[in-house]
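If you want the building blocks of each chain, they are given just below.
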Amino acid sequence: MATTDTRQDTLKRLRGGTGKLSTAAITSLDTEYAWFRDLPAQERSWVGTVAQAGIDSFVQWYADPTRSYRGAAEVFSAAPPELTRSISLQHTLGIVRTVVQVVEDHCDEFAAPGGEQELREAILRYSREIAFSAAEVYARAAESRGAWDARIEALVVDALVRGEVDDDLPSRAAALGWKPGPTLVMVGLTHGTLGEVQSAELRRSIRRTANGALVGIHGDDLVIIARSDTDMDELTQQLLPNFGPGPVVVGPPAVTLVEVARATRAAFTGVLAAPAWALSPRPVKADDLLPERVLVGDTAAREKLVAVAYDPIVKASGALVDTVSTYLDCGRSLELASRLMFVHANTVRYRLKKVSELTGWNVLSTRDAHVLETAFALGRLRDSSHTSL
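Here we summarise the structure given alongside this text. Just so you know, these numbers come straight off a predicted model, no measurement behind them.

**Here we look at the overall build of the protein chain**
Along the protein chain, the regular secondary structure elements total 20 helices and five strands. Residues counted as buried form 44% of the 389 residues belonging to the protein chain. When contacts within the protein chain are restricted to residue pairs at least 6 apart in sequence, those whose partners lie at least 24 apart make up 71%. A total accessible area of about 20100 Å² is found for the protein chain, and carbon and sulfur atoms account for 54% of it.

Written as structure tokens, this is what we have:
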């Protein structure tokens, strides 16, 4: 056990040699670690500051081991918080080991005669404490980043749900790792009301399937926005089990944030409208729910339905318009429509086939006929209002 005088002499030597120890630590880091050599100059400077702070912290601790000690929090306070993002915990522990090794290598030089063993034991105790506290620093940093990312994610998803794409939204989305590209949007219900732990587990489950997906949980509503270059139909089926009972709606294809916002709005209103179609599949595409979305007041669905299922027929020919109108208005009967139009039933059938080729909807199908019937009603109303003006 070193005497008090020996300890004080060692402390004096350590204080006088901190500069030399810091220089030795940086040299050792540069020699041993490629990651340190690859760092930009500013971040290398930060690491040097941390190494110096680590040596100073050891000297202060050695002066009075009983004092209140903040460990790595004290050491890392010398550098910007961004450092924990620039280097990993593994690299940080490498810095700690290097600092400790440098001090230990210079024990014989800085320890007073007879105090060598006591200094080595002090170094070992200090290294253990600072290694544990370094892990705590990174745990807190990760927790803080997680909380911050969660807030940003909530802002981004809320904005997309409301359809508000302002100048700040792209940068916020980019901060979460989102970039323009094929994006899948799915909206449905959760498995009941979720607590904090259940919500966190649900997010992890979704991101195991779609890495980097944006997830919004609004009460019982679940929104998944997944940027992916994989097959979207396959990804949809993989994500489906994350939803609870009830309709699950897939938004239209999207690439840009503006398109993602439209797809999210479409999927959201689709969930509200899906119960109106008793035989709707699960999942169902938002564009397959255009008539039902019109019923819940979705103006975008109204405009799209007229644009894709009415206007092309009107522009094609008057005969097609009259044929579809007559067929729908007379109860979807080929024979009655042909009699009213004074043409053969095969002529009616031929024209309806042309409508199917033109729009993608087969008027002879019950569901497709309903879509076209709604589109024609909306188109007539629109044209009537234009005429009256």
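**Details of the side chain of Thr10**
On the secondary structure map, Thr10 appears in helix α1 (residues 4–16). Assessed through its relative accessible area of 0%, Thr10 is described here as buried. Excluding its chain neighbours within four sequence positions, the residues that come into contact with Thr10 are Tyr62, Phe110, Ala111, Ala112 and Leu119.

**Some details on the nonpolar core**
Counting residues in hydrophobic clusters, the biggest one holds 30 residues, and the most contacted among them are Val156 and Leu160. Listing elements by their share of this core, those giving two or more residues are α9 (116–162), α10 (169–175), β1 (183–189), β3 (221–227) and α13 (257–273). At eight residues, α13 tops the list of elements feeding residues into this core. Setting aside its immediate chain neighbours within four residues, Val156 contacts Leu169, Arg172, Ala173, Leu176 and Leu214. Ranked by size, the runner-up nonpolar core spans 29 residues in total, among them Ile55, Trp61, Cys107 and Ile123.

**Some points on the sheet that holds strand β4 (residues 249–250)**
The mixed open sheet is built from five strands, whose spatial order is β2-β3-β1-β4-β5. Pairing within the sheet leaves two strands with one partner each, and these edge strands are β2 (214–218) and β5 (284–285). Where β1 meets β3, seven bridges bridge the pair, whose relative direction is antiparallel. Bridging from a neighbouring strand, Val185 pairs with Ile225 of β3. Along the sheet face, helix α12 (residues 232–239) touches β1, β3 and β4 and points at about 30° away from the line of β1.

**Considering the pairing of β1**
Burial analysis of β1 places six of its seven residues in the buried class, the great majority of the element. Summarising the sheet, β1 and β4 pair through two bridges and their orientation is antiparallel. Pairing of Val187 across the sheet is with Val249, part of β4.

**Some words on the packing of aromatic side chains**
All told, the structure shown has three aromatic pairs when counted by the stated rule. Ring geometry for Tyr33 versus Trp35: centroids 5.6 Å apart, planes at 40°, classification tilted. The exposure class of Tyr33 is buried, given its relative accessible area of 16%. Trp35 sits in the buried class, given a relative accessible area of 17%.

**Some thoughts on the packing of helix α2 (residues 18–32) against helix α4 (residues 41–63)**
One way to put it is that α2 packs onto α4 with a least axis distance of 9 Å and a crossing angle of 135°. As the angle between them shows, α2 and α4 are arranged oblique. Here the hand of the crossing between α2 and α4 comes out right-handed. On α4, the residues touching Thr18, Leu21, Ser22, Ala25, Ile26, Leu29 and Asp30 of α2 are Arg44, Val47, Gly48, Ala51, Gln52, Ile55, Asp56 and Val59. For the contact of α2 with α4, a count of residues per class yields eight nonpolar, four polar and three charged.

**Things to note about the environment of Lys285**
Locating Lys285 in the fold gives a position in strand β5. In this structure the C-alpha to C-alpha distance between Lys285 and Val250, which are 35 residues apart in sequence, comes to 4.7 Å. Not counting the four nearest positions on each side in its chain, Lys285 is found in contact with Val249 and Val250.

**Looking at the pairing of β3**
Within β3, five of the seven residues are buried, which leaves it mostly tucked inside the rest of the structure. As paired elements, β2 and β3 share five bridges and run antiparallel to each other. The partner of Gly216 across the bridge, within β3, is Val223. As consecutive antiparallel partners, β2 and β3 are separated by two residues, and within that stretch Gly219 has a phi angle of approximately 65°, a positive value.

**Let's talk about a nonpolar patch on the surface**
Among the surface-exposed residues, Leu272, Leu295 and Val296 lie close enough to one another that they form a single nonpolar patch of about 330 Å² accessible area. Following the sequence through the fold, Leu272 ends up in helix α13. The class for Leu272 is exposed, based on a relative accessible area of 61%.

**Topic: the packing of helix α17 (residues 318–329) against helix α18 (residues 334–341)**
At a closest axis distance of 9 Å, the pairing of α17 and α18 adopts a crossing angle of 130°. Judged by the inter-axis angle, α17 sits oblique to α18. For the element pair α17 and α18, the recorded crossing hand is right-handed. On the side of α17, the interface is formed by Asp322, Thr323, Thr326 and Tyr327, while α18 contributes Leu334, Ala337, Leu340 and Met341. Taken together, the residues of the contact of α17 with α18 break down into five nonpolar, two polar and one charged.

What counts, and where the lines are drawn
- Residues numbered from 1 in each chain as written.
- Predicted model: local features only at pLDDT ≥ 70, side-chain atom pairs only at ≥ 80, totals over all residues.
- Heavy atoms only, no water.
- Helix = DSSP H or I, 4+ residues; strand = E, 2+ residues; numbered from the N terminus.
- Buried < 20%, exposed > 50% of the residue type's maximum accessible area, 1.4 Å probe, protein only.
- Contact = heavy atoms within 4.5 Å.
- Areas by Shrake-Rupley, 256 points an atom, 1.4 Å probe, with all protein chains shown as cover.
- Core = buried A, V, L, I, M, F, W, Y, C linked by side-chain atoms within 4.5 Å.
- Pairing = 2+ DSSP bridges.
- Axes fitted to C-alpha atoms, helices over the stretch in contact; angles between N-to-C directions.
- Phe/Tyr/Trp six-rings, centres within 6.5 Å; stacked < 30°, edge-to-face > 60°.
- Parallel < 35°, antiparallel > 145°, perpendicular 65-115°, else oblique.
- Left-handed = near helix turned anticlockwise from the far one by under 90°.
- Nonpolar A, V, L, I, M, F, W, Y, C, P; charged D, E, K, R; others polar.
- Patch = residues over 30% accessible without salt bridge, like charges linked within 9 Å, V, L, I, M, F, W, Y side chains within 5 Å.
- Salt bridge = Lys/Arg side-chain N within 4 Å of Asp/Glu carboxyl O.

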